[in-house]
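Single-letter residue listing:
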Amino acid sequence: MSILRRLFLTALLALSPVTVFAMGSDPATTAAKPADPDFAEGRKAIDAKDFATAAAKFQAVVARDDKNADAFNWLGYALRNQGDYEKAFIAYNKALELDPKHRGAHEYIGEAYLKTNQPEKAEEHLKRLSSLCTFGCAEYTELKNKIAAYRAAKPS
(Lines give C-alpha, C1' and ligand atoms only; values in the text may rest on other atoms or scores of the structure.)
Protein backbone atom coordinates (compact mmCIF):
# COMPACT_ATOMS: atom_id res chain seq x y z
CA MET A 1 0.00 0.00 0.00
CA SER A 2 1.37 3.39 -0.89
CA ILE A 3 2.34 5.88 1.78
CA LEU A 4 -0.17 8.38 0.45
CA ARG A 5 -2.98 5.83 0.69
CA ARG A 6 -1.99 4.94 4.27
CA LEU A 7 -1.96 8.60 5.26
CA PHE A 8 -5.40 9.06 3.73
CA LEU A 9 -6.85 6.05 5.58
CA THR A 10 -5.25 7.15 8.85
CA ALA A 11 -6.70 10.63 8.46
CA LEU A 12 -10.12 9.18 7.63
CA LEU A 13 -10.09 6.97 10.71
CA ALA A 14 -8.97 9.86 12.87
CA LEU A 15 -11.89 11.99 11.68
CA SER A 16 -14.53 9.31 12.25
CA PRO A 17 -15.16 10.06 15.95
CA VAL A 18 -15.48 13.77 15.16
CA THR A 19 -17.99 12.99 12.42
CA VAL A 20 -20.04 10.78 14.73
CA PHE A 21 -19.99 13.44 17.44
CA ALA A 22 -21.05 16.08 14.95
CA MET A 23 -24.04 13.95 13.92
CA GLY A 24 -25.57 14.34 17.39
CA SER A 25 -24.58 11.14 19.10
CA ASP A 26 -23.23 12.80 22.23
CA PRO A 27 -24.74 10.68 25.01
CA ALA A 28 -24.74 13.64 27.41
CA THR A 29 -27.14 15.58 25.17
CA THR A 30 -29.33 12.65 24.12
CA ALA A 31 -30.07 10.99 27.44
CA ALA A 32 -32.45 8.09 26.90
CA LYS A 33 -35.91 8.32 28.36
CA PRO A 34 -36.50 5.48 30.83
CA ALA A 35 -38.52 2.63 29.36
CA ASP A 36 -42.18 2.55 30.36
CA PRO A 37 -42.98 -0.87 31.86
CA ASP A 38 -46.60 -0.66 30.66
CA PHE A 39 -45.38 -0.03 27.10
CA ALA A 40 -43.09 -3.09 27.30
CA GLU A 41 -45.87 -5.23 28.78
CA GLY A 42 -48.27 -3.97 26.11
CA ARG A 43 -45.86 -5.07 23.38
CA LYS A 44 -45.50 -8.49 25.01
CA ALA A 45 -49.29 -8.78 25.14
CA ILE A 46 -49.49 -7.85 21.42
CA ASP A 47 -46.95 -10.57 20.62
CA ALA A 48 -49.04 -13.05 22.65
CA LYS A 49 -52.20 -11.85 20.85
CA ASP A 50 -53.68 -10.86 24.22
CA PHE A 51 -55.25 -7.71 22.82
CA ALA A 52 -57.39 -6.90 25.87
CA THR A 53 -54.31 -6.75 28.10
CA ALA A 54 -52.40 -4.83 25.42
CA ALA A 55 -55.17 -2.25 25.15
CA ALA A 56 -55.22 -1.77 28.93
CA LYS A 57 -51.44 -1.35 29.06
CA PHE A 58 -51.36 1.17 26.21
CA GLN A 59 -54.31 3.05 27.74
CA ALA A 60 -52.17 3.43 30.86
CA VAL A 61 -49.23 4.69 28.79
CA VAL A 62 -51.25 7.33 26.92
CA ALA A 63 -52.93 8.43 30.16
CA ARG A 64 -49.47 9.36 31.46
CA ASP A 65 -47.95 10.45 28.15
CA ASP A 66 -50.51 11.91 25.77
CA LYS A 67 -47.77 12.81 23.27
CA ASN A 68 -46.65 9.20 22.64
CA ALA A 69 -47.55 8.46 19.01
CA ASP A 70 -46.15 4.92 19.25
CA ALA A 71 -48.39 4.11 22.22
CA PHE A 72 -51.45 5.49 20.44
CA ASN A 73 -50.56 3.42 17.37
CA TRP A 74 -50.25 0.21 19.42
CA LEU A 75 -53.44 1.07 21.30
CA GLY A 76 -55.21 1.34 17.94
CA TYR A 77 -53.73 -1.99 16.87
CA ALA A 78 -54.96 -3.72 20.06
CA LEU A 79 -58.42 -2.18 19.76
CA ARG A 80 -58.70 -3.06 16.06
CA ASN A 81 -57.81 -6.66 16.81
CA GLN A 82 -60.60 -6.73 19.38
CA GLY A 83 -63.02 -5.48 16.74
CA ASP A 84 -63.45 -2.03 18.28
CA TYR A 85 -62.88 -0.06 15.08
CA GLU A 86 -64.41 3.18 16.34
CA LYS A 87 -61.91 3.48 19.19
CA ALA A 88 -59.10 2.13 16.99
CA PHE A 89 -59.66 4.95 14.48
CA ILE A 90 -59.53 7.49 17.32
CA ALA A 91 -56.20 6.07 18.54
CA TYR A 92 -54.67 5.88 15.04
CA ASN A 93 -55.78 9.43 14.24
CA LYS A 94 -54.23 10.66 17.48
CA ALA A 95 -50.96 8.91 16.57
CA LEU A 96 -51.04 10.59 13.16
CA GLU A 97 -51.92 13.96 14.69
CA LEU A 98 -48.84 13.67 16.91
CA ASP A 99 -46.62 12.29 14.13
CA PRO A 100 -48.02 12.72 10.61
CA LYS A 101 -45.11 10.64 9.25
CA HIS A 102 -45.76 7.62 11.52
CA ARG A 103 -45.49 4.81 8.99
CA GLY A 104 -46.90 2.16 11.33
CA ALA A 105 -50.01 4.21 12.03
CA HIS A 106 -50.56 4.81 8.30
CA GLU A 107 -50.28 1.08 7.63
CA TYR A 108 -52.53 0.01 10.49
CA ILE A 109 -55.24 2.61 9.92
CA GLY A 110 -55.24 1.52 6.27
CA GLU A 111 -55.80 -2.07 7.39
CA ALA A 112 -58.62 -0.90 9.67
CA TYR A 113 -60.24 0.87 6.72
CA LEU A 114 -60.11 -2.38 4.76
CA LYS A 115 -61.76 -4.24 7.66
CA THR A 116 -64.56 -1.65 7.61
CA ASN A 117 -64.95 -1.83 3.81
CA GLN A 118 -63.44 1.57 3.07
CA PRO A 119 -60.69 0.69 0.57
CA GLU A 120 -60.52 4.22 -0.86
CA LYS A 121 -59.44 5.52 2.56
CA ALA A 122 -56.87 2.72 2.80
CA GLU A 123 -55.56 3.86 -0.60
CA GLU A 124 -55.11 7.39 0.78
CA HIS A 125 -52.80 6.03 3.46
CA LEU A 126 -50.97 3.90 0.91
CA LYS A 127 -50.31 7.09 -1.10
CA ARG A 128 -49.03 8.79 2.05
CA LEU A 129 -46.73 5.84 2.74
CA SER A 130 -45.51 6.02 -0.84
CA SER A 131 -44.38 9.60 -0.26
CA LEU A 132 -42.83 8.73 3.13
CA CYS A 133 -41.00 5.63 1.85
CA THR A 134 -38.94 6.96 -1.02
CA PHE A 135 -37.16 3.67 -1.59
CA GLY A 136 -39.95 1.49 -0.25
CA CYS A 137 -40.58 0.25 3.27
CA ALA A 138 -42.22 -2.71 4.96
CA GLU A 139 -45.31 -0.69 5.94
CA TYR A 140 -45.94 0.37 2.33
CA THR A 141 -45.45 -3.17 1.02
CA GLU A 142 -47.68 -4.70 3.69
CA LEU A 143 -50.56 -2.27 3.10
CA LYS A 144 -50.20 -2.53 -0.68
CA ASN A 145 -50.45 -6.33 -0.44
CA LYS A 146 -53.47 -6.16 1.88
CA ILE A 147 -55.27 -3.75 -0.46
CA ALA A 148 -54.53 -6.05 -3.41
CA ALA A 149 -55.87 -9.06 -1.47
CA TYR A 150 -58.96 -7.08 -0.46
CA ARG A 151 -59.64 -6.06 -4.06
CA ALA A 152 -59.08 -9.63 -5.31
CA ALA A 153 -61.56 -10.97 -2.73
CA LYS A 154 -64.15 -8.25 -3.42
CA PRO A 155 -64.13 -7.48 -7.13
CA SER A 156 -66.11 -4.37 -8.01
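Located above this text is the structure these notes cover.
Below you will find a few notes about this structure. Quick caveat: nothing in here was measured; it's all calculated off a predicted structure.

## What to know about the packing of helix 2 (residues 37-47) against helix 4 (residues 69-81)
Argument step 1. Contact pair helix 2 / helix 4: the axes reach a minimum separation of 11 Å and the direction vectors enclose 30°. Between helix 2 and helix 4, the interaxial angle falls into the category roughly parallel. Helix 4 is crossed by helix 2, and the crossing has left-handed handedness. Contacts between helix 2 and helix 4 involve Phe39, Arg43 and Ile46 on the former and, on the latter, Asp70, Ala71, Trp74, Tyr77 and Ala78.
Argument step 2. Here the contact of helix 2 with helix 4 is composed, by residue class, of 6 nonpolar, no polar and 2 charged.

## Overview of unusual backbone geometry
Across the chain, the bulk of peptide bonds are trans and the bulk of non-glycine residues have phi less than zero.
Argument step 1. Not every positive phi belongs to a glycine, and lysine 49 is a case in point at roughly 60°.
Argument step 2. Position of lysine 49 relative to the elements: it lies in the loop between helix 2 and helix 3 (51-64).
Argument step 3. Exposure remark for lysine 49: the relative accessible area of 63% places this residue in the exposed category.
Argument step 4. Not every positive phi belongs to a glycine, and asparagine 117 is a case in point at roughly 55°.
Argument step 5. The residue asparagine 117 is located in the loop between helix 6 (103-115) and helix 7 (119-132) in this model.

## Describing helix 7
Argument step 1. Helix length check: helix 7, at 14 residues, gives a terminal C-alpha distance of 20 Å against a target of 20 Å (1.5 Å per residue), a fit within 8%.
Argument step 2. Those residues of helix 7 lying buried are Pro119, Ala122, His125, Leu126 and Leu129. All buried residues of helix 7 fall inside an arc of 115° around its axis, so they share one side. Opposite its buried face, helix 7 presents the exposed residues Glu124 and Lys127, each directed more than 90 degrees away.
Argument step 3. If you follow the buried residues of helix 7, they end up packed against helix 5 (85-98), helix 6 and helix 8 (138-153).

About the criteria used
Residues numbered from 1 in each chain as written. Predicted model: local features only at pLDDT ≥ 70, side-chain atom pairs only at ≥ 80, totals over all residues. Heavy atoms only, no water. Axes fitted to C-alpha atoms, helices over the stretch in contact; angles between N-to-C directions. Helix = DSSP H or I, 4+ residues; strand = E, 2+ residues; numbered from the N terminus. Parallel < 35°, antiparallel > 145°, perpendicular 65-115°, else oblique. Left-handed = near helix turned anticlockwise from the far one by under 90°. Contact = heavy atoms within 4.5 Å. Nonpolar A, V, L, I, M, F, W, Y, C, P; charged D, E, K, R; others polar. Buried < 20%, exposed > 50% of the residue type's maximum accessible area, 1.4 Å probe, protein only. Expected span 1.5 Å × (residues − 1). Arc of directions from axis to C-beta.

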